[in-house]
Every structure is written in structure tokens, then in C-alpha cells.
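Read off the chains here:
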Amino acid sequence: IAFLSNPITYALLVWCLFLESTGICSGAWFLAKIDKKIRGFQRDEVYIGSAEERQAKDMGDEDDAAGPGHMAKLPGFADMELPASLEKLMKEDPSVVEYIRSISKQMEEKDGKGELSFTEENV
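If you're wondering where the values come from, they're calculated on a predicted model, not measured in any experiment.

## Description of the overall build of the protein
Next up, step 1: In terms of regular secondary structure, the protein is built from six helices and zero strands.
Next up, step 2: Written out in order from the N terminus, the α and β elements of the protein read α-α-α-α-α-α.
Next up, step 3: In the protein, 25% of the contacts between residues at least 6 apart in sequence involve partners at least 24 apart.
Next up, step 4: Carbon together with sulfur atoms contributes 59% to the accessible area of the protein, which is approximately 10,600 Å² in total.

Put into C-alpha cells, the structure is as follows:
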């Protein structure tokens, strides 16, 4: 609360609350505009390029199942997709499969939930 005793901070707070009350814009937009001027921020396209430029450069922005309207798989479910490196390791070393199964059994005992099943497709 001590920072409110600073007259500049108090004036900015009052101005932002006034803007909020009028409904013209949010006080956060006002502060962001000031921050943008001070730090010289630019639009994202300046830093990372437009969508067309990124696609032309093959930046790896494929339309995977991510973003709004796409369900993300939650960890800890039997139908999860394993990383390729883990699948390779599981094929090469059977003790890895047993270790993962032991962890799954520990989770089952702890949570009372079903065991993760690793099928031959995953192994």
C-alpha cells in the first residue's frame, strides 16, 4: 500500500478508474499503451513474421489438434500417445516396460484408479 503514497501512481490509478467508469476502455489498456510507448513494443508480425511468411519458411506451425475447439489429451490415460523416443526405448529394453507398469500400479494403489495399459502397439 505504500506505493499508493507516490503521487504519480495515485494519479494513474485515479485516471484508470475514471476510464473504467466511463466504459470508453479498460484502465489496463491505458497502462499497456504507456508501456508500449516506453518499451517500443511492436506487433507480433515484426518479431515472428506473419502466418504466410512462417508457412513459406516452414516454421513448423502445422494445424495440430491444438487451440480452441480441439480437445487436448490429458496425461495418465491408457489411450495416450507415447513419445517416439520412449516407444523406441521400450522396444529396446523390456525393463523400461516393467518400470512403467510398476509406476502405474503404484498410482493405482495410491489413487484407487485403473492401471495404465501398455499394449503391444505401444511397446
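Once the structure has been displayed, the description carries forward.
## A look at the confidence of the model for the protein
Next up, step 1: Counting all residues, the mean pLDDT for the protein is 76, and 72% of those residues have values of 70 or more.
Next up, step 2: The secondary structure element of the protein with the lowest average pLDDT is helix H6 (residues 94–111), at 80, and the one with the highest is helix H2 (residues 27–39), at 87.
Next up, step 3: For residues 113–118, every residue scores under 50 in pLDDT, and the model assigns this stretch 17 contacts once sequence neighbours within four places are set aside.

## Some thoughts on the nonpolar core
Next up, step 1: Residues Leu82, Met90, Val96, Val97 and Ile100 constitute the largest nonpolar core, which totals five residues.
Next up, step 2: With three residues, H6 is the largest single contributor of residues to this core.

## A word on the packing of helix H1 (residues 7–22) against H2
Next up, step 1: At a minimum axis separation of 7 Å, H1 and H2 run at an interaxial angle of 130°. Taken together, H1 and H2 sit at an angle that is classed as oblique. For the pair H1 and H2, contact is made by Leu12, Trp15, Cys16, Leu19 and Glu20 and by Gly27, Ala28, Phe30, Leu31 and Ile34, respectively.
Next up, step 2: Considering only residue class, the contact of H1 with H2 consists of eight nonpolar, one polar and one charged.

## Re the pattern of salt bridges
Next up, step 1: According to the stated counting rule, one finds three salt bridges in the structure shown.
Next up, step 2: The shortest N-O distance in the salt bridge between Arg43 and Glu45 comes to 3.6 Å.

Thresholds, definitions, all that
- Residues numbered from 1 in each chain as written.
- Predicted model: local features only at pLDDT ≥ 70, side-chain atom pairs only at ≥ 80, totals over all residues.
- Heavy atoms only, no water.
- Helix = DSSP H or I, 4+ residues; strand = E, 2+ residues; numbered from the N terminus.
- Contact = heavy atoms within 4.5 Å.
- Areas by Shrake-Rupley, 256 points an atom, 1.4 Å probe, with all protein chains shown as cover.
- pLDDT = per-residue confidence, 0-100.
- Core = buried A, V, L, I, M, F, W, Y, C linked by side-chain atoms within 4.5 Å.
- Buried < 20%, exposed > 50% of the residue type's maximum accessible area, 1.4 Å probe, protein only.
- Axes fitted to C-alpha atoms, helices over the stretch in contact; angles between N-to-C directions.
- Parallel < 35°, antiparallel > 145°, perpendicular 65-115°, else oblique.
- Nonpolar A, V, L, I, M, F, W, Y, C, P; charged D, E, K, R; others polar.
- Salt bridge = Lys/Arg side-chain N within 4 Å of Asp/Glu carboxyl O.

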